[in-house]
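Architecture at a glance
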Amino acid sequence: MEELKNIAPKLSGIKKENPFKVPNNYFEDFSARLKPTLESSDIKATKKQNAFIRILKPTLGLAASFALIFMLVYWPLSMFNNKYADNKDISETTTIDNNYYSLIAELDENSLYTLLEENTKEESFSDDELVAYLSTTLNDYDLFFESK
C-alpha cells in the first residue's frame, strides 16, 4: 500500500467505495410495478403471430434469392443463346461438318501427305519485306537479342 502512495499519490487517495447505489425500497415494490407493464403488453398474441412469420421468413428469402439469380443470370443468357441459335442455321453446319468428317475418314496417310505437300509453296522474300515483317512482330529489345 505504501508503494502505491509513492507511485501514484492521487490514486491512493481515492476511497474504496461502490459509487453505484440502488434506490430505497426498489426491490420491495418491483413486482407491483412490473405486473401492470406485463399485462398492458400482449406478449402471448405477438408470439403466436411471429411464430408463423418466423417459420415462413427463411423460405421466402430463399425463394426470392433464387428468383433474383434466375432473373439476373439464367434468363439473359438463355435469351442471348436463343438469338444466336436463330441467326445461325444449324442444319447447314451439321451437313457441312458431316461432309468433312466423311472426307477425313476416307483419307489415308499417303494421300494426306500429298495434299499437304501440294499446298506448300516455296516463297522468297526480299530484304525489305523481311525487315518490315520483323519490325511489326518484334520490338527493338527482341531484335537485339535475336541478332546475337
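Residues numbered from 1 in each chain as written. Predicted model: local features only at pLDDT ≥ 70, side-chain atom pairs only at ≥ 80, totals over all residues. Heavy atoms only, no water.

Notes on the overall build of the chain
From N to C terminus, the chain includes eight helices and zero strands. Each helix and strand of the chain, ordered N terminal to C terminal, gives the series α-α-α-α-α-α-α-α. In the chain, buried positions account for 1% of the 148 residues. Surface accessibility of the chain: about 14900 Å² in total, with carbon and sulfur atoms responsible for 61%. (Helix = DSSP H or I, 4+ residues; strand = E, 2+ residues; numbered from the N terminus. Buried < 20%, exposed > 50% of the residue type's maximum accessible area, 1.4 Å probe, protein only. Areas by Shrake-Rupley, 256 points an atom, 1.4 Å probe, with all protein chains shown as cover.)

Examining the packing of aromatic side chains
Taken as a whole, this structure holds three aromatic pairs when the rule is applied. Ring geometry for Tyr26 and Phe30: centres 5.8 Å apart, planes at 45°, overall tilted. Overall, Phe30 belongs to the partly exposed group, its relative accessible area being 34%. An aromatic cluster is present here, built from Tyr26, Phe27 and Phe30 joined pairwise through their rings. (Phe/Tyr/Trp six-rings, centres within 6.5 Å; stacked < 30°, edge-to-face > 60°.)

Describing a nonpolar patch on the surface
Taken together, the side chains of Leu62, Phe66, Leu68, Ile69, Phe70, Met71, Leu72, Val73, Tyr74, Trp75, Leu77 and Met79 make up a nonpolar region of the molecular surface, amounting to roughly 1300 Å² of accessible area. Relative to the helices and strands, Met79 resides in helix α4 (residues 43–87). Take Met79: its relative accessible area is 36%, and that puts it in the partly exposed class. (Patch = residues over 30% accessible without salt bridge, like charges linked within 9 Å, V, L, I, M, F, W, Y side chains within 5 Å. Salt bridge = Lys/Arg side-chain N within 4 Å of Asp/Glu carboxyl O.)

Observations regarding the confidence of the model for the chain
Confidence in the prediction of the chain, expressed as mean pLDDT, is 76, and 78% of residues score 70 or more. Per-element confidence in the chain ranges from a low mean pLDDT of 65 for helix α5 (residues 90–106) to a high of 82 for helix α3 (residues 30–40). (pLDDT = per-residue confidence, 0-100.)

Quick notes on unusual backbone geometry
The backbone of Asn25 shows a phi angle near 60°, a positive value even though the residue is not glycine. Relative to the helices and strands, Asn25 resides in the loop between α2 (9–12) and α3.

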